[in-house]
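A closer look at the structure
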Number of protein chains: 2
Amino acid sequence: MTLDLASTEDAEPQLAALTDLSRRVRDLIDAVALTDVPEGELAAAAAEVAALTERLNAVRRDSPRSFEIGPDGAPRNLGNAVTGSANPHALPLVAEVTPERTVRAELSFRPAHEGPPGTVHGGVSAMILDHLLGHATAVAGFPGMTGTLTLRYRRRVPYGEPLVATAEYVRSEGRKHWSEGRIALPDGTVLVEASGLFIAPSWWSGQGPGPESAGEAG
Amino acid sequence: MTLDLASTEDAEPQLAALTDLSRRVRDLIDAVALTDVPEGELAAAAAEVAALTERLNAVRRDSPRSFEIGPDGAPRNLGNAVTGSANPHALPLVAEVTPERTVRAELSFRPAHEGPPGTVHGGVSAMILDHLLGHATAVAGFPGMTGTLTLRYRRRVPYGEPLVATAEYVRSEGRKHWSEGRIALPDGTVLVEASGLFIAPSWWSGQGPGPESAGEAG
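Quick notes on the rules
- Residues numbered from 1 in each chain as written.
- Chains lettered and ligands numbered in written order.
- Predicted model: local features only at pLDDT ≥ 70, side-chain atom pairs only at ≥ 80, totals over all residues.
- Heavy atoms only, no water.
- pLDDT = per-residue confidence, 0-100.
- Contact = heavy atoms within 4.5 Å.
- 1 Å grid on protein atoms, 1.4 Å probe; cavity = no way out; pocket = protein on both sides within 12 Å on 5 of 7 lines; lining within 4 Å.
- Points joined across faces, edges and corners; volume = space filled by probe spheres on them.
- Helix = DSSP H or I, 4+ residues; strand = E, 2+ residues; numbered from the N terminus.
- Nonpolar A, V, L, I, M, F, W, Y, C, P; charged D, E, K, R; others polar.
- Domains from an automatic or database assignment.
- Buried < 20%, exposed > 50% of the residue type's maximum accessible area, 1.4 Å probe, protein only.
- Pairing = 2+ DSSP bridges.
- Phe/Tyr/Trp six-rings, centres within 6.5 Å; stacked < 30°, edge-to-face > 60°.
- Lys NZ or Arg CZ within 6 Å of the ring centre and 35° of its normal.
- Buried area = accessible area lost by both parts, 1.4 Å probe.
- Salt bridge = Lys/Arg side-chain N within 4 Å of Asp/Glu carboxyl O.
- Polar contact = N/O pair within 3.5 Å; in protein donor to acceptor, adjacent residues only side chain to side chain.
- Expected span 1.5 Å × (residues − 1).

Looking at an unreviewed UniProt entry, one finds chain A named Acyl-coenzyme A thioesterase THEM4 and attributed to Planomonospora corallina.

Notes on the confidence of the model for chain A
Per-residue pLDDT for chain A has a mean of 91; in total, 89% of the residues score no lower than 70. For residues 205-215 of chain A, every residue scores under 50 in pLDDT, and the model assigns this stretch 19 contacts once sequence neighbours within four places are set aside.

Things to note about the layout of surface pockets
All names here are of chain A. What the second largest pocket holds in volume is close to 480 Å³. Lining the second largest pocket are 20 residues, and of these Pro75, Arg76, Asn77, Thr83 and Ala95 lie nearest its centre. Sorting the residues of the lining of the second largest pocket by element identifies strand E2 (75-77), strand E3 (95-97) and helix H3 (122-139) as the ones contributing at least two each. Across the lining of the second largest pocket, the residue classes break down as ten nonpolar, seven polar and three charged. Both domain 1 (1-77) and domain 2 (93-217) contribute no fewer than three residues apiece to the lining of the second largest pocket.

Here's the deal with the pairing of strand E8 (residues 190-199) of chain A
Residues and elements named next belong to chain A. Most of E8 is tucked away: seven of the ten residues are buried. Note: strand E5 (residues 145-153) against E8, eight bridges, orientation antiparallel. Residue Thr150 lies in a different strand from E8, and its bridge partner there is Ser195. In this structure, strand E7 (residues 176-184) lies alongside E8, joined through nine bridges in antiparallel fashion. In the strand pairing of E8, Ile183 is matched with Val192.

Description of empty space enclosed by the protein
All names here are of chain A. Applying the stated criterion to the full structure yields one cavity of 30 Å³ or more. Approximately 40 Å³ is the volume attributed to the largest cavity. Forming the boundary of the largest cavity are Ala81, Val82, His89, Leu91, His113, Val124, Met127 and Ile128.

Considerations on the packing of aromatic side chains
All names here are of chain A. Taken as a whole and assessed by the stated rule, the structure comprises two aromatic pairs over all chains. Relative to Tyr169, the ring of Phe142 lies with its centre 5.1 Å away and its plane at 35°, an arrangement referred to as tilted. Residue Phe142 is found in the loop between H3 and E5, and its partner Tyr169 is found in strand E6 (residues 163-173); the two are separated by 27 residues along the sequence. According to the relative accessible area criterion, Phe142 is partly exposed, its value standing at 22%. The lysine or arginine in question, Arg171, covers the ring of Trp178, its NZ or CZ lying 3.9 Å from the ring centre.

Overview of the interface of chain A and chain B
The extent of an interface is frequently quoted as the accessible surface area lost upon association of the parts. Each side of the interface is counted separately: chain A has 81 residues, and chain B has 81 residues. In this assembly, chain A packs against chain B so that about 7,600 Å² is buried in total across both faces, 65% of it on carbon and sulfur atoms. At the boundary of chain A with chain B, the tally comes to six salt bridges. With a shortest N-O distance of 3.6 Å, B:Glu41 and A:Arg55 are connected by a salt bridge. There are 30 residue pairs in polar contact (both at pLDDT 80 or more) connecting chain A and chain B. Those elements that place two or more of their residues in the side of chain A that touches chain B are helix H1 (12-34), helix H2 (39-56), H3 and E5 of chain A. With 16 residues, the top contributor of residues to the side of chain A that touches chain B is H1(A). Its residues placed into classes, the side of chain A that touches chain B shows 42 nonpolar, 23 polar and 16 charged. Relative to strand E5 (residues 145-153) of chain B, E5(A) runs antiparallel, the two being bridged by five bridges. Opposite A:Leu149, over in E5(B), you have B:Leu151 as the bridge partner.

Quick notes on helix H3 (residues 122-139) of chain B
Residues and elements named next belong to chain B. With 18 residues, H3 extends 26 Å between its outermost C-alpha atoms, agreeing within 8% with the 26 Å of an ideal straight helix rising 1.5 Å per residue. Where burial is concerned, most of H3 is hidden: 18 out of the 18 residues are buried. Where H3 terminates, the next one or two residues include Gly141, which has phi positive at roughly 110°.

And the structure:
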């Protein structure tokens, strides 16, 4: 695996292009999930996608881009499955840290996230909340791995509409740290809520961010 | 939204082509997450992806393909975010029903599912287990929506290796039904385990599968 803790300015134009490519592949994912073009068009598209994949694989890393400090001094995780702007699988979830050290993300799910008709798959909401609660625990000073996560589904989660996800650290017992969070409508109506227990790695003394900041990596 | 309960044989070649395209887009997703080709190559790829998306959007459905009965009489959910063979976001999770009416899936995660370095994102495991437990509840005769889901993370989940996920219905109280499941190594070592409460829709009398089989849709 590759773990670069500090990126170089030189890589930024490449990473910007990769972020743009990832965004366009997300559009492609939805287009595939929704398309009704004829068989021949689909086969032609498949051949083009395979050729594109081969070109991108000409220079291939061993693992996705991991946690690093960007040139602006801020941490980032470009390859992460949930937050990575350079990973087409990611929403991507973009969370800001509030002055109260809680986390808040504006988000909008897409058609490719559908489970029941017209509704976001419950597992997709779980995926987002797992990450957000880990992030809230980390920004409170306790990065760690998820130990237990409990989700309560209150209402159907729509896609294609603006939603707000928030999470905050609530308490600790030794190396165990608890956070809570929820996905809600902009008016505050809670759709899915979660509580999680995160466990600090044994090397973590509580004096500063660890080398992998695992709590933010999911 | 579109809800076709019975497909026609005529659509099968198109759906096969769509399944193949989705498989190739999954390869593309991993290629993007791992590529290190120069900026110019990434920009060229982005332009091609945008053109492909536009061609597929020439005939666009309102929502992904939902639950339906295939021409072989078996239920399927081609557009589902977790199980849909025609949705590039999906793993896809392919679960078989055992003679004991439990469910079992062989699966392998990919680099695009990475959270912590070399490890599957905890949220991705949560997404898979939410679906599998709902499916186990449904095949036991109680399709429903997820009410509560609790995940316990025991060990890191690797990607690129064969894993086995299983789930089974355990008990009911009125319209509430509980199932349990886990993702494990082929030798049975449990990596992540889950228990879930699924709530039957009020129209469901328990006499046969409902029109949307929501428990299987996630």
